[in-house]
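# Observations on the three-dimensional arrangement
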Amino acid sequence: MYLPPHDPHVDDPMRFKPLFRIHLMERKCATVECMYGHKGPHNGHIQIVKKDEFSTKCNQTDHHRMSGGRQEEFRTWLREEWGRTLEDIFHEHMQELILMKFIYTSQYDNCLTYRRIYLPPSSPDDLIQPGLFKGTYGSHGLEIVMLSFHGKKAKGTKITGDPNIPAGQQTVEIDLAHPLQLPDIENLRDFSELSRIVLEVQEQIRREEQEQRQEEGEHSQQPASQPASPLAGEGAEGEETAAGAEGTTQDKAPASQPFVLPMGVISRNEDYPRTCRICFYGTGLIAGHGFTSPERTPGVFVLFDDDRFGFIWLELKSFSLYSRIKVSFQNAQAPSREAFDEMLKNIQSLAT
């Protein structure tokens with residue numbers, strides 16, 4: 001199991017923890033050992049469920065328990081997962097979230113199902129190399145997000161989740177067709193100024209979508225004998241698309257600009273870069289405990305460099321910083337774009 005570094009150190013390397021091991025014997029026999037807990041390897045079982053899926057089961061779950069009961073188990077988990085003690089965490093809401101996460105994860109320590117995850121395919125037009133990133137999520141700590149590109153959209157899909165947003169959900173969506181022009185550094189400190197800029201773009205997108213729906217409705221009502229548009233129109237549209245593509249390419253590598261978080265925006269990691277390349281309008285998924293009342297809210301995607309980006313959650317007045325995971329995973333490339341898209345649908349359906 002790959003664990004993120006301790007919150008909020010997103011640039012630190014991932015941590016590695018063995019969960020089970022298999023001893024291959026003679027005559028095609030094998031023994032399985034569960035590595036979970038603190039009492040050493042013990043008897044386990046592995047079953048191949050179907051292609052790209054298998055499950056593990058511990059046959060000696062007493063090896064997972066501690067003499068001090070659940071309280072000792074929680075304190076040990078907190079020290080290993082978070083690198084701190086309960087006394088270090090003064091915020092009552094954070095204590096509640098951490099306890100919920102412990103209860104959720106410890107329910108499944110004896111029977112786990114594994115499904116293959118593909119790394120996202122890349123293309124020369126991508127803003128940066130897609131892949132896996134560690135991100136700060138406030139009191140939830142660090143979580144793993146997969147960044148992938150889909151035409152004029154980029155998606156951040158949660159690989160690990162929390163009591164509010166489970167794994168598999170699309171935590172952020174970036175609209176690459178709508179870059180944001182940040183104000184100068186002094187005005188950027190004013191949250192209301194950034195909010196005004198973002199909400200103006202949100203309204204612009206709403207109008208564009210409404211006009212597109214109207215055009216599609218008018219197009220569907222045209223007589224079959226009447227051409228949908230003259231050849232000149234097709235040429236003009238092609239030129240516009242090319243110009244838009246050229247503009248996007250130019251925007252991909254602009255000169256860096258100063259960056260600072262607006263006053264009042266909370267960040268777990270104050271060591272974020274003070275310059276950025278480009279910003280885009282985006283939306284972030286928020287929900288109550290148990291993924292209740294989920295909604296997409298406006299925000300700002302901030303590209304710092306090839307390995308780091310951020311997201312300002314406008315409604316939460318919160319900032320997430322993401323740093324690339326540089327572990328080399330073997331045989332993780334998707335055989336095709338279709339296979340990757342199918343995998344994304346599958347993990348989201350599991351989450352819902």
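Quick note: structure is the one above.
Let me sum up the structure you'll find in this document. Everything numeric here is computed off the predicted structure, so don't read it as measured data.

## Concerning the overall build of the protein chain
Helices and strands together make up the secondary structure of the protein chain, namely six helices and 18 strands. Within the span of the protein chain, comprising 352 residues, buried residues form 40% of the whole. The long-range fraction of contacts in the protein chain, counting pairs at least 24 apart against all pairs at least 6 apart in sequence, stands at 55%. Accessible area of the protein chain: about 20100 Å², with a carbon and sulfur share of 52%.

## Quick notes on the environment of H289
Along the chain, H289 falls in the loop between β15 (278-288) and β16 (292-303). Judged by relative accessible area, which is 33%, H289 ranks as partly exposed. The contacts of H289, once residues within four sequence positions are left out, are H93, E96, L97, M100, P163 and N164.

## Topic: a negative patch on the surface
Together, E208, E209, E211, E215, E216 and E218 make up a negatively charged patch on the protein surface. Within the fold, E209 resides in helix α4 (residues 191-220). With relative accessibility at 40%, the residue E209 sits in the partly exposed group.

## Regarding the nonpolar core
Formed by 26 residues in total, the largest nonpolar core has its most connected members in L180, F259, V300, I312 and F319. Looking at this core, the elements that each hand over two or more residues are α4, β15, β16 and β18 (318-324). With six residues, the top contributor of residues to this core is α4. Listed in part, the 20 residues of the second largest apolar core include L147, A154, I174 and Y322.

## Quick word on helix α1 (residues 69-82)
An ideal rise of 1.5 Å per residue puts 20 Å on 14 residues; α1 measures up with 20 Å between its terminal C-alpha atoms. Within α1, burial applies to E73, F74, T76, W77, L78 and W82. Buried residues along α1 sit against α2 (92-106). Of the residues trailing α1, G83 is marked for its positive phi of about 70°.

Cut-off values and rules
Residues numbered from 1 in each chain as written. Predicted model: local features only at pLDDT ≥ 70, side-chain atom pairs only at ≥ 80, totals over all residues. Heavy atoms only, no water. Helix = DSSP H or I, 4+ residues; strand = E, 2+ residues; numbered from the N terminus. Buried < 20%, exposed > 50% of the residue type's maximum accessible area, 1.4 Å probe, protein only. Contact = heavy atoms within 4.5 Å. Areas by Shrake-Rupley, 256 points an atom, 1.4 Å probe, with all protein chains shown as cover. Patch = residues over 30% accessible without salt bridge, like charges linked within 9 Å, V, L, I, M, F, W, Y side chains within 5 Å. Salt bridge = Lys/Arg side-chain N within 4 Å of Asp/Glu carboxyl O. Lys, Arg positive; Asp, Glu negative; His and termini not counted. Charge placed at Lys NZ, Arg CZ, Asp CG, Glu CD. Core = buried A, V, L, I, M, F, W, Y, C linked by side-chain atoms within 4.5 Å. Expected span 1.5 Å × (residues − 1).

In short, shape yes, function no, at least from these values alone.
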